[in-house]
Amino acid sequence: MSTTTRVPVEDRTRFLARREYRALRVVALVGLVMLWEALARAGWVPVLFLPSPVGVLREGWDMVLSGELLVHLAASLKRLVLGFAIGGGLGIVVGVTVGFFSVAEAVGMPLIAATFPIPKIALLPLLILWLGLGEPSKIAVIALGVFFPMAINTYTGVRQADPLLIRAAVAFGARRWSVIRKVILPSALPMIFAGLRLGAGTALLLLVAAEMIAVESGIGFLILNAGNLMATTQLMVGIVVLSLLGVLSHWGLGCLERLAIPWQS
Amino acid sequence: MRVVVEAVSKTYADRTGRPVSALSAIDFTVDAEEFVAILGPSGCGKSTLLNIIAGLLRPTSGNVFFEGVPSAARSITATVFQEFALFPWRTVQGNIEFGLEEAGVEKRERRRRAHQHIELMGLTGFEARYPHQLSGGMRQRVGIARALAVEPAVLLMDEPFSALDAQTRQLMQEELLTIWERTRKTIVYVTHNIHEAVYMADRVIVLSRRPGRVLAEVPIELKRPRVEALLGEPAFTHAVERIWGLIKREAREALRE
């Protein structure tokens, strides 16, 4: 004789659920910094190798008050912004041209494919030779570093524009320039922003590299100089400022993206 | 305006480069203010034909003409697409104004005409929404408003309701008929749905499967305005059965492909 059983349905997807753990995020970060502080205070590691977080903060504040940090920051920001604007602007123009006009694609794509893999730092000596030791060579290397991800991302975005939307625009009377401005550019915007993010990372890297050669100002100079003087706390201040720059640019681009692409939920 | 399709053929190369004939010697006319449905099994080239009429695809041979008094202020054709083809970065209002912008209509007049068609299509209150915030039915309302706003002489519709669920489709068909009774545009309406074609059109042009040829032109003698009650009438059933008889074998063969 068999007995009937009653088996409840259980939620089989439970182990796939992901939670936010907001508190853990904060605790982990604060805990790590506190551990570092404790380690430094205990005196197990010499301050020369690992300055304490509080010491770095104090040094940073002193450098702000003396105006030293702001001078370096201003010099770096100027190079970053100029290089980013020139490289980004050119990248978008080249990306759209190469993506839309097949003649430009035939000419431009092999060139881009051949020059893209070159580490841009390797071009710095050449740029210094061409443009001199001054600001132009620093700005140029940043511009180059931003140009490639921007051009390639814009090109990809342009090529991915929905052909149906292009046809719809043409069906409603759009000519070449209208199609580029009203369909292709907005379609490419998400890819353009992804390019801006990639470019921001590269720009920071090249900035520091460029500022380690024949300059008297900038965060890169600050770090190199502090290293030479074995002023480890000052060196750490420079690194923290760079990390803040990275976080800020990422956040700023995110805000800008939400403003520029309001149709994305 | 009258649409005259003369000996239109379309051949294109498939992936291996072999020529495939999509349309073969298509001849028909659509009179001014007439509602004509083009019907055929899947892959009969009916959308290709509509694209040729819209000037979005060049026929391999043959011609399409529009006959009538041209008007500088109006577009000849406007298209409503199956997948809506709304611009995701434009609001409802922006989408409806697109064709007017391209026609060089000045801003105040654009606003006025957009507003008028927003009201006509029951989109009031949704002007500032983006397409992804709308249901399928509302999206296609925007698609129709965008087409009507340029005041075309001929409205081309490419399976406009086939992406919608059955209930929404039924309601949209009725709405379109109501608007058509008022505006009396020439409509070329592509569909694979026999009931839809018979319910809405004055005449159904039945295409064969690839290469598409005109199998028959079936006049629909149902009185207007078309109301749901007509769906049970013998004239409706006869027309449906006649067309199904014409394409049943074609559809079955298409299924085996």
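This text gives an overview of the structure that appears in the document. (Residues numbered from 1 in each chain as written. Chains lettered and ligands numbered in written order. Predicted model: local features only at pLDDT ≥ 70, side-chain atom pairs only at ≥ 80, totals over all residues.)

Considerations on helix 10 (residues 232–260) of chain A
Residues and elements named next belong to chain A.
Step number 1: Over its 29 residues, helix 10 extends 42 Å from the first C-alpha to the last, a length consistent with the 42 Å expected when each residue adds 1.5 Å.
Step number 2: Those residues of helix 10 not exposed but buried are Gln234, Leu235, Met236, Val237 and Gly238.
Step number 3: For helix 10, the elements touching its buried residues are helix 2 (53–66) and helix 9 (219–228). (Helix = DSSP H or I, 4+ residues; strand = E, 2+ residues; numbered from the N terminus. Expected span 1.5 Å × (residues − 1). Buried ≥ 20, exposed ≤ 12 C-beta atoms within 10 Å, placed from the backbone. Contact = placed C-beta atoms within 7 Å.)

Describing the pairing of strand 1 (residues 2–13) of chain B
All names here are of chain B.
Step number 1: Here strand 1 pairs with strand 4 (residues 61–67) via six bridges, running antiparallel. What sits directly across from Val4, in strand 4, is Phe65.
Step number 2: Here strand 1 runs beside strand 2 (residues 19–30); their pairing, made up of eight bridges, is antiparallel. Along strand 2, the bridge assignment pairs Tyr12 with Val20. (Pairing = 2+ DSSP bridges.)

Side note on the interface of chain A and chain B
Step number 1: At the junction of the two partners, chain A supplies 13 residues and chain B supplies 18 residues.
Step number 2: When residues of the side of chain A that touches chain B are traced back to their parent elements, those giving at least two are helix 7 (163–171) and helix 8 (176–210) of chain A.
Step number 3: Looking at which element gives the most residues to the side of chain A that touches chain B, the answer is helix 7 of chain A, with six residues.
Step number 4: When the residues that make up the side of chain A that touches chain B are grouped by side-chain class, the tally is nine nonpolar, three polar and one charged. (Nonpolar A, V, L, I, M, F, W, Y, C, P; charged D, E, K, R; others polar.)

Some details on the nonpolar core
One broad rule of soluble globular proteins: the nonpolar side chains tend to lie buried together.
Step number 1: Core analysis: the largest hydrophobic core is formed by 123 residues, its most contacted members being A:Ile142, B:Val36, B:Leu39, B:Val188, B:Tyr189 and B:Val204.
Step number 2: Residue contacts for B:Val188: discarding those within four places in its chain leaves B:Val3, B:Val30, B:Val36, B:Ile38, B:Leu50, B:Ile53, B:Val154 and B:Leu156. (Core = buried A, V, L, I, M, F, W, Y, C linked by C-beta atoms within 7 Å.)

Geometric values such as these leave the question of function open.
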